[in-house]
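# A structural walkthrough
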Amino acid sequence: MAAPDTIRLQSGFSEAQRPRATALYWQAFGPKLGKVLGPAARGEAFLAETLDPAYALCAVDDTGRLL
């Protein structure tokens, strides 16, 4: 995958971006959270419901894809 031309920061994430936000969060913190939240599928399902975009700062590329 080529590097994006531009990267910008945005406050929060949209509902359309929630699955990607969940996957990225689990990728970053799953090894530690898995001990408490259980296997990936269960942990990701919990995060998908509880991640609050009001407390998120996200990097996105020029197409709006969360990085």
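Everything here concerns the structure above.
Structure report, in brief. (Residues numbered from 1 in each chain as written. Predicted model: local features only at pLDDT ≥ 70, side-chain atom pairs only at ≥ 80, totals over all residues. Heavy atoms only, no water.)

### As for the side chain of aspartate 61
Mapping aspartate 61 onto the fold places it in strand β2 (residues 57-61). This buried residue, aspartate 61, is left without a salt bridge; arginine 65 holds the nearest opposite charge, at 5.3 Å. Engagement of the side chain of aspartate 61 in a polar contact is seen with the side chain of threonine 63, the distance being 2.7 Å. A polar contact of 2.9 Å, which involves the side chain of aspartate 61, links it to the backbone nitrogen of arginine 65. Once residues lying within four places of it in the same chain are set aside, the contact partners of aspartate 61 are Pro4, Thr6 and Leu67. (Helix = DSSP H or I, 4+ residues; strand = E, 2+ residues; numbered from the N terminus. Buried < 20%, exposed > 50% of the residue type's maximum accessible area, 1.4 Å probe, protein only. Lys, Arg positive; Asp, Glu negative; His and termini not counted. Salt bridge = Lys/Arg side-chain N within 4 Å of Asp/Glu carboxyl O. Polar contact = N/O pair within 3.5 Å; in protein donor to acceptor, adjacent residues only side chain to side chain. Contact = heavy atoms within 4.5 Å.)

### Some thoughts on the side chain of glutamine 17
Inspection of the secondary structure puts glutamine 17 in the loop between β1 (7-11) and α1 (18-37). Reaching out from glutamine 17, the side chain makes a polar contact with the backbone oxygen of glycine 64 at a distance of 2.9 Å. Beyond its immediate stretch of four places on either side in the chain, glutamine 17 contacts Gln10, Val60, Gly64 and Leu66.

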